[in-house]
Amino acid sequence: MKLLRDTVLDPFLLGIFAVAALASLFPATGTAEDVLGWVTRIAIALLFLIYGARLSPRDAWNGVKHWRLHSVILACTYLLFPALGLALRILVPGVISDDLYTGMLFLCLVPSTVQSSIAFTSIARGNIAGAVVSASFSNIIGVFVTPLLVIALMTTTGSVTIDPSSVLDIALQLLLPFAVGQLMRPWVTGWLTRHSAPTKLVDRGSILLVVFAAFSESMNQNVWSSVPVWRIGIVVAVCAALLAVVLAITWYGGKWLGFAFEDRVVLLFCGSKKSLASGLPMAAVLFVGQPVGLIVLPLLIFHQIQLMVCTVIAQHLARRPQSEQSPVGSVAD
């Protein structure tokens, strides 16, 4: 009951709902949409700069070396999710249409998120270094793996192209600011340790910007108006069930594999996410001549559900006593 009460009254979750409603009523278009894109990129780069400044080089290196954690997260993203997506075929045509199933399967093939996975790990006081490495690496190899999975498991009429420039974009927007933060650490780490508010503000602010941008784009593409309300309700239920299954597997699987608590947090958030930022442009290339808006609808819905659910989970984990944190794999501020 306490968790339910805290969830209903949680300001951050209420903020996500408010931003989604605002973007639905007043979506950013034209110049405003371009400005929103740049502001979001700057906020995410600032977030990674702060992460780099807060993490000691030892913790960052430990995050890079934690190959076992990264392997399990990659297996969740590119093996577990596709297997569940193929299993959802039993819902066709009785529960969902062929086009919506195509969208559900595509959702299961896209990379994990980067920014929100790491932000939620930070909020929940997990192993930020491990999250940075896992989420970034998952997204980088997703540029190559996702199109290959689509070719192997789906039929597309588009000319599939793999764009290595996406790797450069990730490096410039995420890894470069993190490296700069590491270099700035001797001068700013003391101030950041004494003042946690800037990190919290950028953590949460970047997520709210992503939500606003996603809903603006969906409204501009008339995604919601292309499907009957009852079918949207079914997709919401299927996406919620899919997320619940993956969250349970990642959390209890991490315990079964003997990961430290902070590493289980990383597995929970990085292993259960799917990236709208990566999925939308990939769909535009892979499904030329097909109803792209309908195909990306499950991804859009899953993306919003994962943000809301993980907000609740992250806030709940953040309230755990300091004594419950594991000395292994923890983040030193």
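Residues numbered from 1 in each chain as written. Predicted model: local features only at pLDDT ≥ 70, side-chain atom pairs only at ≥ 80, totals over all residues. Heavy atoms only, no water.

- As recorded by an unreviewed UniProt entry, the chain carries the name Bile acid:sodium symporter family protein and is attributed to Rhodococcus cerastii.

1. A short note on the nonpolar core
Within soluble globular proteins, side chains that are nonpolar tend to cluster in buried spots.
Reasoning step 1: Core analysis: the biggest nonpolar cluster contains 84 residues, and Met104, Phe106 and Phe269 have the highest contact counts within it.
Reasoning step 2: Considering every element that reaches this core, the biggest residue donor is helix 15 (residues 297-318), with 11 residues.
Reasoning step 3: If sequence neighbours within four positions are ignored, phenylalanine 106 has contacts with Val150, Met154, Gly279, Met282, Ala283, Leu286, Phe287 and Leu299.
Reasoning step 4: Grouped together as the second largest cluster of nonpolar side chains are six residues, Ile50, Ala53, Ala119 and Leu192 included. (Core = buried A, V, L, I, M, F, W, Y, C linked by side-chain atoms within 4.5 Å. Buried < 20%, exposed > 50% of the residue type's maximum accessible area, 1.4 Å probe, protein only. Helix = DSSP H or I, 4+ residues; strand = E, 2+ residues; numbered from the N terminus. Contact = heavy atoms within 4.5 Å.)

2. Focus: the packing of helix 7 (residues 115-123) against helix 12 (residues 261-271)
Reasoning step 1: Where helix 7 contacts helix 12, the axes come no closer than 9 Å and their chain directions differ by 150°. Relative to helix 12, the element helix 7 lies roughly antiparallel. Like other packed secondary-structure pairs, helix 7 and helix 12 cross with a definite hand, here right-handed. For the pair helix 7 and helix 12, the contacting residues are Ser117, Phe120 and Thr121 in the first and Val265, Val266, Phe269 and Cys270 in the second.
Reasoning step 2: Taken together, the residues of the contact of helix 7 with helix 12 sort by class into five nonpolar, two polar and no charged. (Axes fitted to C-alpha atoms, helices over the stretch in contact; angles between N-to-C directions. Parallel < 35°, antiparallel > 145°, perpendicular 65-115°, else oblique. Left-handed = near helix turned anticlockwise from the far one by under 90°. Nonpolar A, V, L, I, M, F, W, Y, C, P; charged D, E, K, R; others polar.)

3. As for the environment of leucine 36
Reasoning step 1: Looking at the secondary structure, you find leucine 36 in helix 3 (residues 30-54).
Reasoning step 2: The buried category is assigned to leucine 36, whose relative accessible area is 12%.
Reasoning step 3: On a C-alpha basis, the gap between leucine 36 and serine 216 in space is 10.0 Å, while along the polypeptide they are 180 residues apart.
Reasoning step 4: When sequence neighbours within four positions are dropped, the list of residues in contact with leucine 36 reads Ala28, Leu209, Phe212 and Ala213.

4. Let's talk about the environment of phenylalanine 106
Reasoning step 1: Within the secondary structure, phenylalanine 106 sits in helix 6 (residues 98-107).
Reasoning step 2: For phenylalanine 106 and leucine 299, which are 193 residues apart along the polypeptide, the C-alpha to C-alpha distance reads 7.9 Å.

5. With respect to the packing of aromatic side chains
Reasoning step 1: Across all of its chains, the model carries three aromatic pairs by this definition.
Reasoning step 2: Judged by centre distance (6.1 Å) and plane angle (85°), the rings of phenylalanine 81 and phenylalanine 302 are edge-to-face. You can see phenylalanine 81 sitting in helix 5 (residues 67-87) and its partner phenylalanine 302 sitting in helix 15, a full 221 residues away along the chain. Neither phenylalanine 81 nor phenylalanine 302 differs from the other in exposure class; each is buried.
Reasoning step 3: On the numbers, 5.4 Å between centres and 85° between planes, the contact of tryptophan 251 with phenylalanine 261 is edge-to-face. Placement of tryptophan 251 in helix 11 (residues 229-256) and of phenylalanine 261 in helix 12 is noted, with a sequence separation of 10 residues between them. (Phe/Tyr/Trp six-rings, centres within 6.5 Å; stacked < 30°, edge-to-face > 60°.)

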